Amino acid sequence: MVKVTLDNVSKFFGKVKAVVDLNLEVRDGEFVALLGPSGCGKTTTLLMIAGIYKPTKGRILFDEVDVTDLPPKDRNIGMVFQSYALYPHMTVYDNIAFPLKLKKVPKHEIDKKVKEVAKLLQIDNLLNRKPAQLSGGQQQRVALGRALVKEPDVLLLDEPLSNLDAKLRVMMRAEIKRLQKELKITTIYVTHDQVEAMSMADRIAVMRAGRLQQYAEPEVLYNKPINLFVAGFIGNPPMNFIEGSIKEENGEYYFESEGLKLKLSKDLGELVASKSTDVVLGIRPEHIRVITSGEVDNAIDATVYVIEPLGRDLVINVKVDNTLLKILSTPGLKLEPGQKVKLVFPEEKIHFFDKYTEKAII
Amino acid sequence: MSKLPIPTYRITPWLFLTPLFIMIALAWIGPLFLTVYLGFTDLQLKNFIAFIKDFFTPQVHFTLDNFRRIFLAQDPYIPEVARITMIYVGSVLAINAFFALVLSIAIAYFVKSELISMSLRVSWLLPRITPGIVYALMWNWFVSRDGMFNLLLRLAGIPESWLPSNWLLDKPYSQLLMIIVNGYIGASFGMIVYTAAIKSIPPDLINAALVDGASEFQVARRIIIPLLKWPIMFVTAWQTLSLMASYDVILMVWGAAQGASPSEVLGITKVAGVTVWSLYAYTQAFSQYQYGYAAAISLVLVAIGLGLIVFYFKVFGFRRLMEPSRVEV
Ligand SMILES: Nc1ncnc2c1ncn2[C@@H]1O[C@H](COP(=O)(O)OP(=O)(O)O)[C@@H](O)[C@H]1O
Ligand SMILES: [Mg+2]
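What you see is a predicted model, and the numbers here were worked out from it, not measured in a lab.

K.L.:
So what's going on with the environment of Gly213 of chain B? Which residues, and what values?
P.N.:
Inspection of the secondary structure puts Gly213 of chain B in the loop between helix H9 (203-211) and helix H10 (216-227). If near-sequence neighbours (up to four positions away) are discounted, Gly213 of chain B is found in contact with Lys73, Leu102 and Lys150 of chain A together with Gln218 of chain B.

Next up, the structure:
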């Protein structure tokens with residue numbers, strides 16, 4: 001097990017800047033997720049750690065050893081590819097045994113380890129099959145087995161669940177997490193699915209267009225997103241954003257937008273106003289309170305637009321003037337489209353971002 | 001569709017195909033039957049005119065003599081021709097199927113620069129793009145008495161006495177040249193098939209092998225070559241058959257490019273030891289005017305070829321052979 005450090009790593013393909021100045025430290029035994037939309041440089045980052053790509057700039061360290069120029073075979077890495085990349089001409093057994101054969105491990109020992117891993121992943125009944133005879137979920141386990149059998153120092157997983165159906169995905173999520181905790185292998189897990197990242201990783205590195213946005217624990221990303229992008233990417237349904245400005249009237253501060261005027265406490269108002277007056281207010285769907293009757297202080301008028309019942313949850317879409325907001329609520333609330341409601345934004349749950357730099361103000 | 005009442009819909013495609021069928025009948029089926037027939041006759045120069053005038057002339061006799069000459073070694077040169085043919089097909093096949101594979105892997109996998117890889121591929125394609133007779137003439141110039149090859153050897157300090165008096169006529173150099181000249185032109189076929197197949201291997205597979213600890217060489221041996229199983233079989237089968245029947249390059253280098261008349265070709269190729277089976281059939285017909293015998297000789301080749309086709313189809317399966325660049329992924 002090792003600590004992995006990316007020190008100012010960049011990778012350019014001609015004019016395409018796939019990864020730019022990436023700094024990342026993955027602790028020994030840690031489970032880190034690389035999260036970002038497709039094309040943001042996640043796979044490229046993994047392939048650099050694996051040694052397939054050489055960084056255009058920067059260094060990669062395993063513990064304190066600079067491995068930037070080491071070929072993949074000298075890095076002791078296990079990797080699961082998005083396509084699984086099982087060798088089609090080999091049986092499952094030979095696929096899993098392949099890394100050990102290359103290491104010239106004695107035959108009986110190979111046999112023992114392959115069977116051990118196969119049992120761990122519950123594929124011991126498939127060892128004689130060819131990859132083409134396996135289902136997606138089985139192929140995925142074989143790929144995982146092949147990556148684990150050599151007892152790698154670092155495990156790299158490139159969207160390993162993206163080709164599975166939803167049910168299997170949820171099951172494998174838990175299984176991979178348990179496996180990682182059990183084996184304590186330093187793991188870097190690439191995904192574009194924030195739920196996967198949030199539910200599995202110790203820490204998440206959010207990337208966008210080749211640049212690291214924020215690297216923190218899941219709760220921190222959720223509670224204190226560093227910019228609009230992270231705020232919008234984490235959470236489902238995503239955070240609501242309302243563009244507006246901070247106004248001061250008679251020593252009181254307001255957030256104003258079309259059809260909406262929200263009084264802010266003096267402390268918050270002063271703080272935000274001191275940074276910027278053109279801002280974006282952000283609030284998560286689960287933090288908005290819906291009031292159907294009675295008078296409330298500092299509430300916002302809204303009209304119910306559409307209701308999406310999800311069984312356990314209820315997603316209420318409301319319109320404030322022309323802005324559509326999503327609210328996550330529990331079922332039981334009787335609402336009709338067109339109905340007038342009032343919304344309460346608890347102040348401690350409100351985020352403010354600078355409209356131009358997109359950075360979080362609070 | 002088949003219930004459409006207008007018959008022209010069905011006739012039109014056949015109408016368009018008719019010229020092709022006429023061509024096939026004239027150029028393939030007709031000669032095929034003629035060859036089979038002639039192989040059992042004593043047609044030669046002296047009864048040829050009579051045969052032209054009257055297909056059923058009594059001057060042409062039905063006989064098995066041709067096959068006696070071939071199989072009972074009544075023609076003393078036949079064993080030599082068989083030996084040369086085996087050397088020719090075996091060696092050139094090794095170049096066209098196996099060496100082409102090594103080259104393709106080198107060019108498409110080991111050479112990472114696209115530009116270099118492209119230029120190497122083009123350099124191997126050149127002999128195929130060049131008109132055959134020009135290719136033959138260039139070899140003749142290259143290995144002639146005061147040609148480039150001797151010039152280079154002299155420059156390298158090889159004493160004059162070591163050089164053969166004629167590269168094209170002195171065995172074993174002449175036979176080596178036969179192999180090289182044909183291999184250089186033939187390798188491109190396999191290379192095109194192999195390169196396409198290698199390029200169609202998903203990069204992830206190769207990356208996975210590298211991460212699993214394979215060296216570049218091990219990737220070639222344990223991933224790329226096994227994945228090229230079908231292309232290799234296809235090229236091997238195809239090339240065996242076409243090599244057995246091909247003598248055009250030999251005829252051009254040892255015949256036309258030398259300025260030899262058809263009647264001189266057999267003499268030259270005999271001295272050089274490059275008379276392959278199909279060329280022998282050609283010379284029997286067009287320089288010895290032994291039409292019946294020539295037909296019989298080529299019939300033997302057709303029989304062997306048919307046998308090989310049946311063998312290949314049995315072993316590899318017909319459908320698989322028809323999918324040249326198939327990679328098992
Ligand atoms: N081998 C390559 N050659 C050229 N461009 C590439 C190559 N690999 C990736 N890219 C480009 O780099 C960017 C990042 O790609 P990638 O790392 O695959 O993204 P992700 O895995 O996050 O979806 C993309 O714009 C992609 O087109
Ligand atoms: Mg990717």
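K.L.:
Tell me about the sheet that holds strand E3 (residues 31-35) of chain A, and please be specific about residues and values.
P.N.:
Residues and elements named next belong to chain A. An order of E6-E7-E8-E3-E9-E10 is seen for the 6 strands of this open sheet, with the pairing classed as mixed. The sheet terminates laterally at strand E6 (77-80) and strand E10 (211-216), the two strands that pair on one side only. Neighbour-to-neighbour, the strand axes of the sheet open up by a mean angle of 15°, direction not taken into account. Two elements, strand E7 (residues 154-158) and strand E8 (residues 186-191), share 5 bridges in a ladder whose sense is parallel. Looking across to E8, one finds that Asp158 is bridged to Val190. Along the sheet face, helix H5 (residues 166-183) touches E3, E7 and E8 and points at about 140° away from the line of E3.

K.L.:
Please provide a residue-by-residue account of the packing of aromatic side chains, values included.
P.N.:
The way to describe two aromatic rings as a pair is by their centre distance and the angle between their planes. Residue and element names in this part refer to chain B. If you walk through the whole model with that rule in mind, you get 27 aromatic pairs over all chains. Ring geometry for Trp124 against Tyr184: centres 5.1 Å apart, planes inclined by 85°, an arrangement best described as edge-to-face. In this pair, Trp124 is assigned in helix H5 (residues 114-129) and Tyr184 in helix H8 (residues 173-199), connecting sequence segments 60 residues apart. Here the aromatic rings of Phe142 and Phe149 are separated by 5.5 Å at their centres, their planes lie at 35°, and the arrangement is tilted. Judged by relative accessible area, which is 27%, Phe142 ranks as partly exposed. Cluster of aromatic residues (ring-pair linked, three or more members): Phe99, Trp124, Tyr135, Trp139, Phe142, Phe149, Trp167, Tyr173 and Tyr184.

K.L.:
I'd like a description of the pattern of salt bridges, backed by residues and values.
P.N.:
Across all of its chains, the model carries 32 salt bridges over all chains by this definition. Across the salt bridge formed by Asp301 of chain A and Lys342 of chain A, the nearest N and O atoms sit 2.8 Å from each other. Within this pair, whereas Asp301 of chain A is found in strand E16 (residues 300-309), its partner Lys342 of chain A is found in strand E19 (residues 340-344), the two being separated by 41 residues in sequence. Linking Glu160 of chain B and Arg145 of chain B is a salt bridge whose minimum nitrogen-to-oxygen distance equals 3.1 Å. One end of the pair, Glu160 of chain B, is in the loop between helix H7 (148-155) and H8; the other, Arg145 of chain B, is in the loop between helix H6 (132-143) and H7, with 15 residues separating them in the sequence. Judged by relative accessible area, Arg145 of chain B falls into the partly exposed class, the value being 39%. Here the residues in one salt-bridge network are Lys247, Glu249, Glu256 and Lys261 of chain A, joined through shared partners.

K.L.:
Outline the site of ligand 1, supporting the account with residue identities and numerical values.
P.N.:
Residues and elements named next belong to chain A. Taken together, the neighbourhood of ligand 1 is formed by Phe13, Val16, Ala18, Ser38, Gly39, Cys40, Gly41, Lys42, Thr43, Thr44 and Tyr53. One of the side-chain N or O atoms of Thr43 is found 2.6 Å from an oxygen atom in ligand 1. The side chain of Thr44 places a nitrogen or oxygen atom 2.5 Å from an oxygen atom of ligand 1. Isolated, ligand 1 exposes 560 Å² of accessible area, and the fraction of that covered by the protein chains is 61%. Of all the elements, helix H1 (residues 42-50) adds the most residues to the shell around ligand 1, at 3 residues.

K.L.:
Can you lay out the domain arrangement of chain A for me, pointing to particular residues and giving the numbers?
P.N.:
Residues and elements named next belong to chain A. Partitioning chain A into structural domains gives domain 1 (4-233) and domain 2 (240-354). Measuring from the centre of the C-alpha atoms in domain 1 to the corresponding centre in domain 2 gives 40 Å. Tallying the contact residues gives 8 residues for domain 1 and 7 residues for domain 2. Buried area between domain 1 and domain 2, summed over both chains or domains, comes out near 640 Å², and the portion from carbon and sulfur atoms is 62%. Interface area lost by domain 1 to domain 2 is led by Tyr222, Leu228 and Ala231, which between them contribute 74%. Summed over the shared surface of domain 1 and domain 2, the result is 0 salt bridges. Inspection of the region where domain 1 meets domain 2 yields 2 residue pairs in polar contact (both at pLDDT 80 or more). Of all the secondary structure elements, the ones that give two or more residues to the side of domain 1 that touches domain 2 are helix H7 (218-223) and helix H8 (228-233). In terms of residue class, the side of domain 1 that touches domain 2 is built from 5 nonpolar, 3 polar and no charged.

K.L.:
I'd like a rundown of the pairing of E19 of chain A, residues and numbers included.
P.N.:
Residue and element names in this part refer to chain A. Inspection of the sheet shows strand E15 (residues 289-291) paired to E19 by 3 bridges, in the antiparallel sense. By the bridge assignment, Val290 is partnered in E19 with Leu343. Note that E16 and E19 share 4 bridges and pair antiparallel. Along E19, the bridge assignment pairs Ile300 with Leu343.

K.L.:
Can you tell me about the side chain of Asn66 of chain B, naming the residues and giving the values?
P.N.:
Residues and elements named next belong to chain B. Residue position: Asn66 is located in helix H3 (residues 65-71). For Asn66, a relative accessible area of 6% puts it in the buried group. A polar contact of 3.4 Å, which involves the side chain of Asn66, links it to the backbone oxygen of Gly292. With residues up to four places along the chain from it excluded, the contact list for Asn66 reads Leu38, Gly39, Phe40, Thr41, Gly292, Tyr293 and Ala296.

So, how was this worked out
Residues numbered from 1 in each chain as written. Chains lettered and ligands numbered in written order. Predicted model: local features only at pLDDT ≥ 70, side-chain atom pairs only at ≥ 80, totals over all residues. Heavy atoms only, no water. Helix = DSSP H or I, 4+ residues; strand = E, 2+ residues; numbered from the N terminus. Contact = heavy atoms within 4.5 Å. Pairing = 2+ DSSP bridges. Axes fitted to C-alpha atoms, helices over the stretch in contact; angles between N-to-C directions. Phe/Tyr/Trp six-rings, centres within 6.5 Å; stacked < 30°, edge-to-face > 60°. Buried < 20%, exposed > 50% of the residue type's maximum accessible area, 1.4 Å probe, protein only. Salt bridge = Lys/Arg side-chain N within 4 Å of Asp/Glu carboxyl O. Near = heavy atom within 4 Å. Polar contact = N/O pair within 3.5 Å; in protein donor to acceptor, adjacent residues only side chain to side chain. Areas by Shrake-Rupley, 256 points an atom, 1.4 Å probe, with all protein chains shown as cover. Domains from an automatic or database assignment. Buried area = accessible area lost by both parts, 1.4 Å probe. Nonpolar A, V, L, I, M, F, W, Y, C, P; charged D, E, K, R; others polar.

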